Every structure is written in structure tokens, then in C-alpha cells.
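# Structure assessment
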Amino acid sequence: MSNGFKIFSGSSQGNPSSSDPVRENLVEQNAHPNGFKTSVFRILQRFMSASKIDGGSRTEAEEKVYSWLYALAQSEKDIVFEYVRSTERGLSFTEAERRLQENGPNVPVEYTFPSWWHLLWNAFFHPFNIILIVLSALSYIANDATNGCIMLGLVFISVSLRFYQEYSSSKAAMRLSEFVKCPIKVQRCAGRVVQTELLVQVDQRDVVPGDIVIFEPGDLFPGDVRLLTSKHLVVSQSSLTGEFGTTEKTADIREDQSTPLLDLKNICFMGTSVISGSGTGLVVSTGPKTYMSTMFSNIGKQKLPDDFEKGIRRISYVLISFMLIAVTVIVVADYITSDDLTESILFGISVASALTPQMLPLIVNTSLAKGALAMAKDRCIVKSLTAIRDMGSMDILCIDKTGTLTMNSAMMVNHLDSWGSTKEKVLCFGFLNSYFKTEQKYPLDDAILAYVFTNGYRFEPSKWTKVDEIPFDFTRRRVSVVLETDLNVKHKSNHTFNRILITKGALEEVLRVCSCIEHVDRGEIATFSEEDHKRILNMGEDLSNDGLRVLGVAIKRLETQRRSSTGIYDETVECDMVFLGLISFFDPPKDSAKQALWRLAEKGVKAKVLTGDSLSLAIRICKEVGIRTTHVVTGPDLELLNQDSFHETVKRSTVLARLTPTQKLRVVQSLQIVGEHVVGFLGDGVNDSLALDAANVGITVDSGASIAKDFADIILLEKDLNVLVAGVERGRLTFANTMKYIKMSVVANVGSILSLLIATLVLGYEPLTPRQLVTQNFLYNVGQIAIPWDNMEEDYVKTPQKWSLKGLATFILWNGPVCSLCDISALLFIWFYYGAHSESLFRSAWFVEGLLMQTLIIHLIRTEKIPFIQEIASWPVICSTVVISAIGISIACTSIGDVMGFTTLPLSYFGFLVVLFIGYFTVGQIVKRVYILVYKTWL
């Protein structure tokens, strides 16, 4: 017997049949968790692999769930009981306990959260951290404790920041437990000889496959359920589809394979809820084997590393390789000239330390934190600091329509008669219905009342008295009120009526109870013809295609004696009514949406709408806010596409409607992996969680679902897209300042190391002692702390910025020699003008020149323009440059300089430095202009 049958072996509910091939294929969905867990992780690994994502097709795990649920939907009830090894009386308590132990708790997603030490290890195991720790250890061995402490301190700060962020975010998936904190009514059987059916309440975590559940309005389905009985059952599947509509379900039907999964009438899904009606159902899947869990199985998984993270790792490997070669050559050269192995090794460690961008973690995190604080002033909560940088690289923003592009409220648009003309009478009776109804007030009623009051209509509701109300239900899909007035209304039959029934609801349902139609202009009532019916339905469909929601309005005049003997009207009175017309509504776009999307487009960020709503409604909204609708597609259409067609369609389409959560995820992944885009996703529902988790930047609003807020990187406290525009600008500023440091640091360090190598070979002794080199490196690093507070040219923030390792290597090759040229010029000047016999003089001069060159290089690198003339750095950077330069120049004149082996420099040398740096900036600016001319970019 395979693992798939272990859950049913030994059951007291009956002996399994080993010869049913259908069961062998289906029951695998309830496999033993150990075997299932292994297979699921293998499936997920393939699903998350960039080379395997095909977007258009379902994963293996989804395919199994689909097959299992379709087979149950197509089977008779007695066969369904056989499949899940249950009976019409329910499971025994003993059998339920055994299945609970085998299957585990009924939680939506089975995900093992990483332990704190695992997260700490991941934070620690970074190339730059390893480099610094190795150098720190070597420094301690060589009795250079000061340098070792500095490097260990930088490692501690970097590891602590990353560990804190990842430990906080790793807990996010736990919020799915919100689905399981409610009691469930379950039918169980008890008794050894005569079994008795009992209704008990159990925690949702304790529900197992084979349980019979009883549900009422407000209940959540504890698993995937095959309906056994139903009475006017209407459920909400918005947690799966994103649509705010409802779906009717019934037990007395056998579905076929052509019906979309979420449209199956006899299957209810875990996480969906009962709106109205009642019934019983057989639980067929629980926990990680449900449809919802298959969808959300990727929640909490690590995102694919972005280009910046991959680039940092690659450049660290390049620097390690260069470091090993350069340090080895320098140590050998120094040992040959000095014949002191210990001093040569210590000098090599200092050189390696100087080559490492030690301040990179601090610069990056300071830049990100500064951006987060700035966004906080715009009422944004930034949960993941790296999201700031990713916003600067973002070139596609995927938006869920409801609540982001629109007001998420209803606004009344038209009140039309049966021929499409605006008629006040239609509005009047629609208003009276909304005004007097008291049960289940809806936003559409508020929209009607607001329209009447704000437009100055005077329908005098005080002249009417409410007699009764027939409330809305999801079977009739309409609401009626009975009103009475003191005004006598004469009918053509000469009967006097002062009581009237007003019905408002779904257009099809209102037409169903109408037998007459009123010509409002002529005051005539005619029989409802087939032509009238077709014309009104076509008019309603046209309005729906324009993205409007439509309600029908009908009336019926009642005689007093028509009232029932109990004094209460019921739904039987809703017949032979007179159709007046229809009222249309619209969820209006936000005033700020069009402006914000235009501003994003100006900055190179394209918008795509990914929604679970209908295509017609999505198109209407997009037209209102300026999003092109020439290429649109729906979720069912995407399901039919092969891999290549799927990716091409996603790339081309700007509006994607009727998407399931899984399809939203695949669209985002297709844009990331195949399109090589940096993708942001803005959504606020449970159905958006997958896409929020996978996007480079997940954005939600504070009124969104709890799980959406947990997996988002940024939470907007106000639903204003203009905040995102500011976030994009700050992200690009953060990215620019980070790249300034990386390029400047690598160029300066590589150039200095080459200069040290040349100087060592030429002079025959160390151009700087290890202590002097460490001090120079420390002062230089401290001076770069002000970089996050630097400003940036306006042109830079107009386009998305992405990491390019090839571009960085090219940048180094062009600009590194300029630094070396400056150092070699200083070497030649000191050699020929002052003579190289005094080591203290040479080292003092070389120390000052090297520090000033590395301090001033930020001004050359930070802008495409001429530094200090066309573009000036921010005052923190200017102050930092002045302070560090002053310290470097004056240190030789202090007692600290005496301890370090420095001597006072002649004034003529500073005159030479002025000429040298003017020449450096001149040559550097020429190289910069040629570089920009060739590669069309700078930073």
C-alpha cells in the first residue's frame, strides 16, 4: 500500500479497496505528511527556480489539487464518502483523533520558520564580513589591535542590522493563523454497538478530512468542502479571487471538467465564508493540501536576490581575488627590500584593509534609514529598508485597482427609464426605497441618498409612511419596501390606492417579477413584451461594459385589503410589477491617481493593472486615470497560453483582469525573470499576498488585510499614489549615494594599492608604515559617513537606476589610472625635488597627498558636471571634506604625528598639492566627459 493510503488504513469506517484505480490517483491528496512534505518542498524548489517558471501552466502541486477537487465535484455523494473514507454519520471520535495525528493540525500553510541562529548565520555569512573578520584576526596576530577592533565593530553593526530586519520579517506568515481561530460545528458519531450522531464544536485546527461540517451565515469553511446539503447558500470567495461579489452554491449538482475551479457549485474552499443560507458539507482536504494552501505555499519564501545584492557579492569576490594577488606581490616585494617578514606581513594586512570598502554596510544602511525617515514624514511605514533602494530601480508598478486607483466607494451616475432617457421618477422611487429600508444598508443606498441631497431634489419622504419591508437576500437579490401616503392615487380602474410596493435590486431579478412597463413621459402602462425585455437587458449590459453597476427599479400599487391577515407582507407580493427603469453606479477614480501615474510615467515607471474584478470595469477605470487599454487580457485567457505566449502577453498587456492570486504571482515573476524588470506591487487584500511577497517592492495601505500588511515592504497610511512618486525619487537618491561610495571607494582603493605597489618597488622601503596606512584609511572612511546626506542632480532621478557589474568594472578601468597618475606624480615630485633619502619626509608627504586625493575624489565622482563650479555638494559633504583634510594636514604638526613617525612638511609642498589637484580634477573631468560620451551614463 502506498503512502497515499496510509491516512485511511486501520480506519474504523470501513476497509479500503485496493483495486480502485480512481482512488489511487485521488486519495494521494491526503498523503502522510512526511512523504507529502518532502514532495511539496521539491515542487516548491522547482516552482521558485527561475529556469522552471512558465507562468501559464499550473505547478505539480496545483495540478494534484485541481484533479482531486474536480473528481469530487463530478462524483455522486456516496462515491465522495468512499473516496475520503467517511460515512453519512460522520467520523468517530477515535478515527478523527487518529487522522489528526496523521495529518497534523489544520493550518493553511505548513511552513517551518527559520530559527534565530539560522538567521544570524545568514546575516553573518557575507563576503565583506568574512574579509573583515579575517583581516581583523590577522591584525590581532600582528599586534595591531586598533585596526582589528575597528573592523570587528563594523562587522557587528552590519550583522546586527541585517539580523534584526530578517528576524522581524520571518514571523509574517504566522498571521495566516487568523483563519483558524474560530470554532467549527462538526457532526461526529459515538457508541460501540449503536452509533449516535452528535453535533460538537471543535477548533478549526482539529478538523480532519472526512468530517461533516455544519455552516451558517458568517462561518468560514475550515477546509475544501464537498457540499452534501444546501439551502439558499451564498458564499464570498473574495479571499481567493479579489472580487467583492458573491457566488451561489448548491449541493444537488454534478459538475463537469469545463467549469472553472472557483465556479464549481458543489465545492467550497478553505478561507471563504458564508454570506447567507446554510448547509452541510464533507471536508475533503485540510491544512497544506487545500486549494488555498497550494496558492499560498510560497508565502514566506526568500525573494530572489536583486541585481544590487548579486552585484555586491560579485564585486566582493573580485576584490578578494585582486586582494590576494596584490597583497601577495606587495608582501614579497617588501620582504625582498626590508628582509623583515613580520613587518612585511603586517604591511600586507594593512594594504588588504585599505582595499576593502569597510564602510559599505554602514553607508548603505545609513542611506536607507535616511530614506525611510523621509518617507515617514509622508505618512509611510517602511518595514524593509532595502525596499527604498529597490524603489529607485523599479520600472514597473503593478496595481490592484480597488482602493488604490479608485475611491472604493459607490457614486450614482444615471437614473434612466426603459428607453435610456433620464427620468426623475425613476430616481424618486429608488430614493424612497433606499430612504425607508432599515435592514442591511449598503453603499449603493448611501450613494442614492447622497445624489438626491447634493443635487437639490425634493421628494418629500415625510409624506410617506413605511408599512413593511421585505429585506434583501442573495436568492432574490432585491429589496422591497411597502409605503403608504395620505395622497390618494387614482388608477385607471377607478380604484383608489394609497399604498405602494417599491422594489430595487439586480436588474435580472427585478425584471423577473415585472409584467408591465411604464412609459414615464406619457404616464401609460403597457404589457411587458419580449422586445422590451431584450432592450432593457442590452442597455444594462452596455452600462456594465462601461464599468458601471446597474440596479433595476419597479413599483406596484397595492389595495389595502391585499395585506395579509398577519399584517406582514412577504416575497409573494413581488409579482406583476411595473418596471420603471434603472440606476447606475460607479466606483470613481481618485483625483490624485491620474496625476500620480503621469508623474511615475515621466520617471520611467510603467503601470500595469492586475485585478480580480471584471475586464470591463478595469478598462473603464484605466481610461479614467490615463492607463492605455489597447492590450488587455483576462485570467482565464492566460490559462490557455503556453509558456512563451504567456510571457509575451504579460509583457504587452497593461490591464490584466479576473486574475487569481496565483496568476498575479506568476505575472510578477514573469516580469521579473523573463522581462528582467524591477517590479513593485500595490495591493491591499488577502488575494494580493502572494504578489506582495514576490515583488521587489511590496506596497499596501494601512486599511488592508493583516496578512497583506505583514508581507508588504511599505505601508501607506494614506491611499495617495503621489507618495510613491516621492518614494521613487528618494529610492533613486539612495541608490545614487550608495553607488557614489562604491565607485569612489573601489576606484580610490584600487588606484592607491597600485600606487603603493609601484612606490614599494621604486623606493625599496614601505611608502607608509602599517600604522600610517591604517590611520589614513580610517580618516578616509570617517569622511565618507556624510555621503548619505548628499544631494543629487535632477536628471538622475528621472530614470530607473539599476546595478551593472560590467559598468562598474569599466568605470574602474577608466578612472582608476587617474588616481594612480596623481599618486605617481606626487612620488616623482618628492623624489626629484626633495630627494627620497628621508623616509619620514616622504611618508608624511605621501600620507597627506593620499588622504587629500581620496577625500576630494567624492567631488569628482558625485556629479557629471564640473565640481565646485557647475555643481556643489551638500553642506555635510563639504564640511566632512574640510574637516578630514584639515586633520590630515595638521596631524604631522602634533604629538600624534611624532608618535606615528611624521615630520613637518615644507610650505612648497602644499603649493605643489594645489597644482597637483587642479591637474587631477582637469584630467579627471576630461576622462569623465569622454566616458559619458562613450557610455551615455556616469553613476
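Residues numbered from 1 in each chain as written. Predicted model: local features only at pLDDT ≥ 70, side-chain atom pairs only at ≥ 80, totals over all residues. Heavy atoms only, no water.

Which entries qualify depends on this criterion: UniProt positions are given in the numbering used here, feature names are shortened, and annotations may be inferred rather than shown by experiment.
An unreviewed UniProt entry lists the chain under the name Magnesium-transporting ATPase, P-type 1, with Rhododendron griersonianum given as the organism. UniProt's Catalytic activity (unreviewed entry) comment on the chain is quoted here verbatim: "Mg(2+)(out) + ATP + H2O = Mg(2+)(in) + ADP + phosphate + H(+)". UniProt, in its Sequence similarities (unreviewed entry) section for the chain, records the words "Belongs to the cation transport ATPase (P-type) (TC 3.A.3) family. Type IIIB subfamily."

## Notes on the overall build of the chain
Definition in use: The way it works is that DSSP assigns letters per residue, a run of H or I at least four long becomes a helix, a run of E at least two long becomes a strand, and they are numbered from the N terminus. Relative accessibility decides the category of a residue: with a 1.4 Å probe and only protein chains considered, values under 20% of the type maximum give buried, values over 50% give exposed, and everything between is partly exposed. Note on contacts: a residue pair qualifies if any of its non-hydrogen atoms lie within 4.5 Å across the two residues. In short, Shrake-Rupley with a 1.4 Å probe defines the accessible areas, and a residue's cover is counted only from the protein chains shown.
Broken down by element type, the chain carries 32 helices and 24 strands. For the chain, the residues scored as buried account for 56% of the 939 residues in total. Across the chain, contacts joining residues at least 24 apart in sequence account for 75% of those joining residues at least 6 apart. For the chain, the exposed area adds up to about 40100 Å²; of that, 57% sits on carbon and sulfur atoms.

## Details of the nonpolar core
Definition in use: Take the buried Ala, Val, Leu, Ile, Met, Phe, Trp, Tyr and Cys residues and link them wherever side-chain atoms come within 4.5 Å; each set so joined is a nonpolar core.
Ranked by size, the top nonpolar core spans 157 residues in total, and within it L397, L405, L597, I714, L716, I742 and Y920 carry the most contacts. At 19 residues, helix α26 (residues 722–763) tops the list of elements feeding residues into this core. Excluding residues that lie within four positions of it along the chain, I742 makes contacts with F308, I312, I315, L360, W803 and L808. M295, L610, L659 and V679 belong to the second-largest nonpolar core, a separate cluster that totals 46 residues.

## Things to note about the sheet that holds strand β23 (residues 697–701)
How we decide: Here, strands pair whenever DSSP counts at least two bridges between them. Note on method: axes are straight lines fitted to C-alpha atoms, helices fitted across the in-contact stretch only, with angles between N-to-C directions ranging 0 to 180 degrees.
In space, the eight strands of this open sheet follow the order β9-β24-β23-β22-β10-β19-β21-β20, with mixed pairing throughout. Either end of the sheet is taken by a strand with one partner, and the two such strands are β9 (380–382) and β20 (632–634). Within this sheet the neighbouring strands show an average axis-to-axis angle of 20°, counted without direction. Bridge count between β20 and strand β21 (residues 655–657): three bridges; the pairing is parallel. Bridging from a neighbouring strand, T634 pairs with A657 of β21. Where helix α20 (residues 615–625) meets the sheet, it contacts β19 (606–610), β20 and β21, and its direction lies at approximately 150° from that of β21.

## Overview of the packing of aromatic side chains
To be explicit about the condition: The pairing test for Phe, Tyr and Trp rings, Trp by its six-membered ring, is centres within 6.5 Å, and the orientation test on the planes gives stacked under 30 degrees, edge-to-face over 60, and tilted for anything in between. Criterion for a charge above a ring: Arg CZ or Lys NZ at most 6 Å from the ring centre, at most 35 degrees from the ring normal.
Counted under the stated rule, the structure contains 28 aromatic pairs. Measuring from centroid to centroid gives 6.4 Å for Y66 and Y70, while their planes differ by 45°, and the two rings are tilted. Highlighted residues: Y66 and Y70, both in helix α3 (residues 60–73), separated by four residues, approximately one helical turn. One exposure class covers both Y66 and Y70, and it is buried. Where F868 meets F921, the ring centres are 6.0 Å apart and the plane angle is 75°; that geometry is what we call edge-to-face. Here F921 lies in helix α32 (residues 907–935) and F868 lies in the loop between α29 (839–861) and α30 (875–890), a separation of 53 residues in the sequence. Among the residues examined, F868 registers a relative accessible area of 41% and is labelled partly exposed. The rings of F431, Y435, F436, Y451, F453, Y457 and F459 are connected pair by pair, giving a single aromatic cluster. Seen from the ring of F586, R620 lies directly overhead, with NZ or CZ sitting 4.3 Å from the centre. The ring centre of F811 lies 4.6 Å from the NZ or CZ of K743, which sits over that ring.

## A look at the environment of D473
Locating D473 in the fold gives a position in the loop between β12 (464–470) and β13 (478–490). Here the alpha-carbon distance between D473 and H232, two residues 241 residues apart in the chain, equals 9.0 Å.

## Looking at the UniProt feature "transmembrane region" (unreviewed entry) in the chain
The UniProt feature table records "transmembrane region" (unreviewed entry) at residues 119–139, 145–164, 317–336, 746–765, 811–834, 873–897 and 909–927. Annotation note: span residues 746–765, helix share 90%, strand share 0%, distance between end C-alpha atoms 25 Å. Span residues 909–927 is 100% helix and 0% strand, its end C-alpha atoms 26 Å apart.

## Observations concerning helix α4 (residues 77–84)
To be explicit about the condition: By construction, the arc corresponds to the directions joining the helix axis to the C-beta atoms.
Considered for burial, the residues of α4 that qualify are V80, F81, Y83 and V84. The buried residues of α4 all sit within an arc of 160° when viewed along its axis, so they share a single face. Of the residues trailing α4, R85 is marked for its positive phi of about 55°.

## A look at the pairing of strand β2 (residues 183–190)
As paired elements, strand β1 (residues 91–92) and β2 share two bridges and run parallel to each other. Among the inter-strand pairings, L91 is bridged to a residue of β2, identified as R188. By the bridge criterion, eight bridges tie β2 to strand β3 (residues 196–203) in an arrangement that is antiparallel. By the bridge assignment for β3, P183 is matched with D203. For β2 and strand β4 (residues 212–215), the ladder comprises three bridges, and the chain directions are antiparallel. Of the residues in β4, the one forming a bridge with K185 is I214.

## As for α3
The cut-off we apply is this: A helix's residues, less one, multiplied by 1.5 Å, set its expected span.
Across its 14 residues, α3 extends 20 Å between first and last C-alpha, which sits within 8% of the 20 Å expected from 1.5 Å per residue. Judged by how many residues are buried, α3 sits mostly within the fold: 10 of 14 residues are covered. The set of residues buried in α3 consists of A61, E62, V65, Y66, W68, L69, Y70, A71, L72 and A73.

## Quick look at the pattern of salt bridges
Two side chains of opposite charge can pair, provided their charged atoms sit close to one another. Rules: The term salt bridge refers to a side-chain nitrogen of Lys or Arg lying within 4 Å of a carboxyl oxygen of Asp or Glu.
Here the structure, examined in full by the defined rule, presents 27 salt bridges. In this structure, the salt-bridge partner of D445 is K504, at a minimum N-O distance of 3.0 Å. Of this pair, D445 sits in helix α16 (residues 443–454) while K504 sits in strand β14 (residues 496–506), placing them 59 residues apart in sequence. By relative accessible area, K504 is classed as buried at 4%. One salt bridge connects D790 with R862, and the closest N-O pair in it is separated by 2.7 Å. You can see D790 sitting in the loop between α27 (770–783) and α28 (805–834) and its partner R862 sitting in the loop between α29 and α30, a full 72 residues away along the chain.

## Concerning unusual backbone geometry
In this model, E460 sits at a positive phi of 50°, which is unusual for a non-glycine residue. Relative to the helices and strands, E460 is located in the loop between α16 and β12. Even without glycine at this site, E676 takes up a positive phi of about 55°. Inspection of the secondary structure assignment puts E676 in the loop between α23 (661–674) and β22 (679–682).

## Side note on the confidence of the model for the chain
To keep it simple, the criterion reads: Predictor confidence is given residue by residue as pLDDT, running from a minimum of 0 to a maximum of 100.
With 83% of its residues at a pLDDT of 70 or more, the chain has an overall mean of 79. Per-residue pLDDT, averaged within each element of the chain, yields its smallest value for helix α1 (residues 21–26) (35) and its largest for strand β7 (residues 267–268) (94). Per-residue pLDDT stays below 50 along residues 169–180; that stretch engages in 29 contacts with residues further than four places along the chain or on separate chains. Every residue in residues 489–495 is under pLDDT 50, and counting partners more than four places away or in other chains gives nine contacts.

## Comments concerning empty space enclosed by the protein
Spelled out, the test is: Throughout, the protein atoms alone are placed on a 1 Å grid, and a set of points is a cavity if a 1.4 Å probe fits but cannot get out or a pocket if it is open with protein on both sides within 12 Å along at least five of seven lines; lining residues have an atom within 4 Å of a point. Grid points are joined across faces, edges and corners, and a volume is the space filled by probe spheres set on the points. Note that Gly is not counted as nonpolar here; it falls among the polar residues with everything else outside the nonpolar set of Ala, Val, Leu, Ile, Met, Phe, Trp, Tyr, Cys and Pro and the charged set of Asp, Glu, Lys and Arg.
For the coordinates displayed, the defined rule picks out nine cavities of 30 Å³ or more. Taken together, S752, L756, L773, Q776, D823, W846, E849, G850 and Q854 form the lining of the second largest cavity. Mapped onto the lining of the second largest cavity, the elements with two or more residues apiece are α26, α27 and α29. Here the lining of the second largest cavity gets four residues from one element, more than from any other, and that element is α29. Here the lining of the second largest cavity is composed, by residue class, of three nonpolar, four polar and two charged.

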